[in-house]
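# Tertiary structure, described
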Amino acid sequence: MSLIQRITQPGPKKLLAVDGGGIRGVLALEILQRIEDLLRSDGRGESFRLADYFDYIAGTSTGGIIAAGLSMGMSVKEILAFYETCGAQMFVRANILERLRYKFESEPLALELKNVFGTDTGFGSDRLQTLLLLVMRNATTDSPWPLSNNPYGKYNGRARPDDNSKIPLWQLVRASTAAPTYFPPEVIMLPGEKEAKGKQFVFVDGGVTMYNNPTFQMFLMATVDRYWAGKPEARWQTGADKMLIVSVGTGTTPNVQAGLDPSDMNLLFNATTIPSALMFAASNEQDLLCRVFGDCRGGDAIDREIGDLIGNVGPLEKGEKLFSYVRYNVELTQSGLDTLGLPHIKPEMVQKMDAIDSISDLREVGRKAADRVKKEHLAGF
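What counts and what doesn't
Residues numbered from 1 in each chain as written. Predicted model: local features only at pLDDT ≥ 70, side-chain atom pairs only at ≥ 80, totals over all residues. Heavy atoms only, no water. Pairing = 2+ DSSP bridges. Helix = DSSP H or I, 4+ residues; strand = E, 2+ residues; numbered from the N terminus. UniProt positions renumbered as here; feature names shortened; annotations may be inferred. Phe/Tyr/Trp six-rings, centres within 6.5 Å; stacked < 30°, edge-to-face > 60°. Buried < 20%, exposed > 50% of the residue type's maximum accessible area, 1.4 Å probe, protein only. pLDDT = per-residue confidence, 0-100. Contact = heavy atoms within 4.5 Å. Arc of directions from axis to C-beta. Core = buried A, V, L, I, M, F, W, Y, C linked by side-chain atoms within 4.5 Å. Axes fitted to C-alpha atoms, helices over the stretch in contact; angles between N-to-C directions. Parallel < 35°, antiparallel > 145°, perpendicular 65-115°, else oblique. Left-handed = near helix turned anticlockwise from the far one by under 90°. Nonpolar A, V, L, I, M, F, W, Y, C, P; charged D, E, K, R; others polar.

### A short note on the pairing of strand β4 (residues 143–148)
- Here strand β3 (residues 131–138) pairs with β4 via six bridges, running antiparallel. Directly across from Leu-134, in β4, lies its bridge partner Leu-147.
- Taken together, β3 and the strand that follows it, β4, pair antiparallel across an intervening segment of four residues, in which Asp-142 is found at a positive phi of about 55°.

As structure tokens, then:
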């Protein structure tokens, strides 16, 4: 079945989103492995892939690597093997003269992405079996760039000189993972009528936009007519029985500052804490929007005031919901790990985005978090 046939056929749609988080992506992969295993247990067999079930897959940063791999039909086990064998190669320290700008070299990661996705695989390739959303930030235009391979998207027309579907997939994934201070930015020459007329843009990690958790943005791009400019009537229909959204995190790391003195909040303190604080708040907001406008089937409490919002009455008339929704994530604090029954794992070892030496611990956390995945969360779809 072609992508166009798949996205325009009638029936409920299933959407999957994966957060950013560096090497902590292996935590999310353990949760995804549980989902894949549950779906296989319904008689689908070992050849089943998540791309056979989900119609739209979104990812930011490390979530972009996972989303692209799943969309191409890779199994979760294959992507986990990629992280385990190539994780250290993805985080090769830059030479000492460059470390004032970034910690790691970009070429080793780029090489691994080329090996996995192919150098000639474009964003509009038929190797992608689902709709795919990748999030990055265009530093040149100072704007977030959520890019979808939707064949009806305004900038995916094959007749357009600036057709985004011609951009190499590996390069867009690399751009989405270019975390400032960790990796150099990715420079992409967008298609033009002639190469000289193409536009050179500098891209960095989508995690520094509002969409490190891309879930609600994915919903908008699936349902808003402007994102289906070539055929607006094909946009997906909403309804708790018509759309299921599964959102998977890579672990949260709230930085509690008990006993903080106002005098401690100097320039260095703000420079090192504000970016992560904004990312944490943005991720929570995406989750909150999905729980309010969706029928939340599962997820940890957002805070002590509103709880998990399962069974909540939202702002729409008659309590209607736009989709069914479930969120899987875990808090990588000592209390969060204790709750999972993992007091032996040190939070500082699994919170870092480049925690290569802690992959086995992250996988253990992911397997515990995956126990929260229930078959009833997917019921009806």
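Anyway, onward from the coordinates.
### A look at the UniProt feature "short sequence motif: GXGXXG" (unreviewed entry) in the chain
- According to UniProt, the positions carrying the feature "short sequence motif: GXGXXG" (unreviewed entry) are residues 20–25.
- Helix makes up 17% of residues 20–25 and strand 0%, with an end-to-end C-alpha separation of 7 Å.

### Remarks on the packing of aromatic side chains
- Counted according to the given criterion, the structure contains twelve aromatic pairs.
- When the ring of Tyr-53 is compared with that of Phe-54, the centres are 4.9 Å apart and the planes differ by 85°; the resulting orientation is edge-to-face. Of the two residues, Tyr-53 and Phe-54, both sit in the buried class.
- For the pair Tyr-56 and Trp-236, a centre-to-centre distance of 5.8 Å together with 85° between the ring planes defines the contact as edge-to-face. Here Tyr-56 is found in strand β2 (residues 56–60), whereas its partner Trp-236 is found in the loop between α7 (215–223) and β7 (243–248), with 180 residues between them in sequence.

### As for the confidence of the model for the chain
- In this model, the chain carries a mean pLDDT of 89, and residues with pLDDT of at least 70 account for 88%.
- Note that pLDDT drops below 50 for residues 94–102; the model gives that stretch twelve contacts with residues more than four away or on any other chain.

### Things to note about helix α2 (residues 25–44)
- In terms of burial, α2 is largely enclosed, as 14 of its 20 residues are buried.
- The positive-phi residue at the C-terminal boundary of α2 is Gly-45, with phi of around 90°.

### Comments concerning helix α11 (residues 359–369)
- Residues of α11 that are buried: Ile-359, Leu-362, Arg-363, Val-365, Gly-366 and Ala-369. Down the axis of α11, the smallest arc covering the buried residues is 160°, so these residues share one side.

### Describing the nonpolar core
- With 76 residues, the main nonpolar core has Leu-32, Ile-35, Leu-169 and Val-246 as its most contacted residues.
- If you tally residues by element for this core, the top one is α2, at nine residues.
- Setting aside residues up to four positions removed in sequence, Leu-169 forms contacts with Ala-68, Met-72, Phe-117, Thr-121, Gly-122, Phe-123, Leu-128, Leu-132 and Leu-134.
- Counting residues in hydrophobic clusters, the runner-up holds 25 residues, among them Leu-131, Trp-236, Cys-296 and Tyr-325.

### Examining the pairing of strand β5 (residues 186–189)
- Covered by surrounding structure in β5 are Glu-186 and Ile-188 only, the residues Val-187 and Met-189 on the alternate face being uncovered.
- Pairing analysis gives four bridges linking β5 to strand β6 (residues 200–205), with the strands arranged antiparallel. By the bridge assignment for β6, Ile-188 is matched with Phe-201.

### Digging into the packing of helix α5 (residues 107–117) against helix α6 (residues 169–176)
- One way to put it is that α5 packs onto α6 with a least axis distance of 9 Å and a crossing angle of 140°. It follows from the interaxial angle that α5 and α6 lie oblique. For the crossing formed where α5 meets α6, the hand is right-handed. In contact with Leu-109, Ala-110, Leu-113, Lys-114 and Phe-117 of α5, α6 contributes Leu-169, Trp-170, Val-173 and Arg-174.
- Of the residues contributing to the contact of α5 with α6, the split by class is seven nonpolar, no polar and two charged.

### A look at the environment of Val-246
- Checked against the element boundaries, Val-246 lands in strand β7.
- Remark: the alpha-carbon pair of Val-246 and Ile-35, spanning 211 residues in sequence, is separated by 10.0 Å.

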